[in-house]
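Secondary and tertiary structure notes
The chain contents come next:
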Amino acid sequence: EAEVAQSPRYKITEKSQAVAFWCDPISGHATLYWYRQILGQGPELLVQFQDESVVDDSQLPKDRFSAERLKGVDSTLKIQPAELGDSAMYLCASRLDPNTDTQYFGPGTRLTVL
Amino acid sequence: AQSVAQPEDQVNVAEGNPLTVKCTYSVSGNPYLFWYVQYPNRGLQFLLKYITGDNLVKGSYGFEAEFNKSQTSFHLKKPSALVSDSALYFCAVRKGGTASKLTFGTGTRLQVTL
């Protein structure tokens, strides 16, 4: 069964450093999402891509976060500089098309900022 | 704005007993409703969804959920709980349509004991 891939699974960094997370969606899925999940809470959408275009980045802290999906396949989420409050699980999800509607999630990247 | 409420932080049930995890929602228009399960340090796994049709939806691992429009609820149920069902469960909602984002509840931890 096809899965969403994410790497790394765990990342420890010091504040003010730069970090990057990678996501490879299920093959053929045009829609890709990045979520942030703080411990004890549900996931919150950071950014949504349709192919290579950003559809919604209203909740992305653009002063330090950036996301790209240059060829409309895999995607990278970057934080620079990282802050203590960025410690969270970063989840990637993908969806085939609006009619199928189900989002499938990757295993996530657990970020710890010291 | 759309929202999801999961009123119980934790649900405890003995193995073999029926379980219910509660979810209520608020959204304008027709709701699309989802349940996901999350195991420790893992991403979210899709369980089931309601888009339209029969109010009783059957999903993975013997779980089912009942859509109740008048009570704006979508409770997750299973006739006989297993210890392996112990995990974090998230309800999510979005407005029917291609552009609306998925909003998650805060999660309910299910603890099944022998």
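Coordinates for the structure precede this section.
Residues numbered from 1 in each chain as written. Chains lettered and ligands numbered in written order. Predicted model: local features only at pLDDT ≥ 70, side-chain atom pairs only at ≥ 80, totals over all residues. Heavy atoms only, no water.

Points about the sheet that holds strand 7 (residues 65–68) of chain A
All names here are of chain A. Pairing within the open sheet is antiparallel, and its four strands lie in the order 1-3-8-7. Sheet topology places strand 1 (5–7) and strand 7 at the edges, where each strand pairs with a single neighbour. Mean inter-strand twist for the sheet, computed between neighbouring axes without regard to direction, equals 15 degrees. In the sheet, strand 3 (residues 19–24) pairs with strand 8 (residues 75–79) via five bridges, with the strands oriented antiparallel. Each bridged residue has a counterpart across the sheet, and for Trp22 the counterpart in strand 8 is Thr76. (Pairing = 2+ DSSP bridges. Helix = DSSP H or I, 4+ residues; strand = E, 2+ residues; numbered from the N terminus. Axes fitted to C-alpha atoms, helices over the stretch in contact; angles between N-to-C directions.)

Structural notes on the pairing of strand 9 (residues 88–95) of chain A
All names here are of chain A. The element strand 9 is largely enclosed, with a buried count of eight among its eight residues. Residues Ala88, Tyr90, Cys92 and Ser94 of strand 9 are buried on one face, and the alternating residues Met89, Leu91, Ala93 and Arg95, pointing to the opposite face, are buried as well. Sheet analysis places strand 4 (residues 31–37) next to strand 9, joined by seven bridges and oriented antiparallel. For Gln37, the partnering residue across the bridge sits in strand 9 and is Met89. Note: strand 9 against strand 11 (residues 109–113), three bridges, orientation antiparallel. Of the residues in strand 11, the one forming a bridge with Met89 is Arg110. (Buried < 20%, exposed > 50% of the residue type's maximum accessible area, 1.4 Å probe, protein only.)

Some remarks on the side chain of Ser75 of chain A
All names here are of chain A. By secondary structure assignment, the location of Ser75 is in strand 8. On the accessibility criterion, Ser75 (1% relative accessible area) is buried. A distance of 2.9 Å separates the side chain of Ser75 from the side chain of Trp34, its partner in a polar contact. Polar contacts involving the side chain of Ser75 include one to the main-chain carbonyl oxygen of Glu68, which spans 2.9 Å. Not counting residues up to four positions away in its chain, the partners in contact with Ser75 are Phe21, Trp22, Cys23, Leu32, Trp34, Phe49, Glu68 and Arg69. (Polar contact = N/O pair within 3.5 Å; in protein donor to acceptor, adjacent residues only side chain to side chain. Contact = heavy atoms within 4.5 Å.)

Quick look at the nonpolar core
One finds Trp35, Leu47, Leu48, Phe74, Leu76 and Tyr89 of chain B to be the most contacted residues of the largest nonpolar core, which totals 27 residues. When residues of this core are traced back to their parent elements, those giving at least two are strand 2 (10–14), strand 3 (19–21), strand 5 (31–38), strand 6 (44–50), strand 8 (64–68), strand 9 (73–78), strand 10 (87–95) and strand 12 (108–113) of chain B. The element contributing the most residues to this core is strand 10 of chain B, with four residues. Residues in contact with Leu47 of chain B, not counting those within four places in the same chain, are Trp35, Tyr36, Val37, Gly59, Ser60, Tyr61, Phe63, Leu76 and Tyr89 of chain B. In terms of nonpolar packing, the next biggest core, distinct from the first, is built from 20 residues, Val4, Phe49, Ala88 and Cys92 of chain A among them. (Core = buried A, V, L, I, M, F, W, Y, C linked by side-chain atoms within 4.5 Å.)

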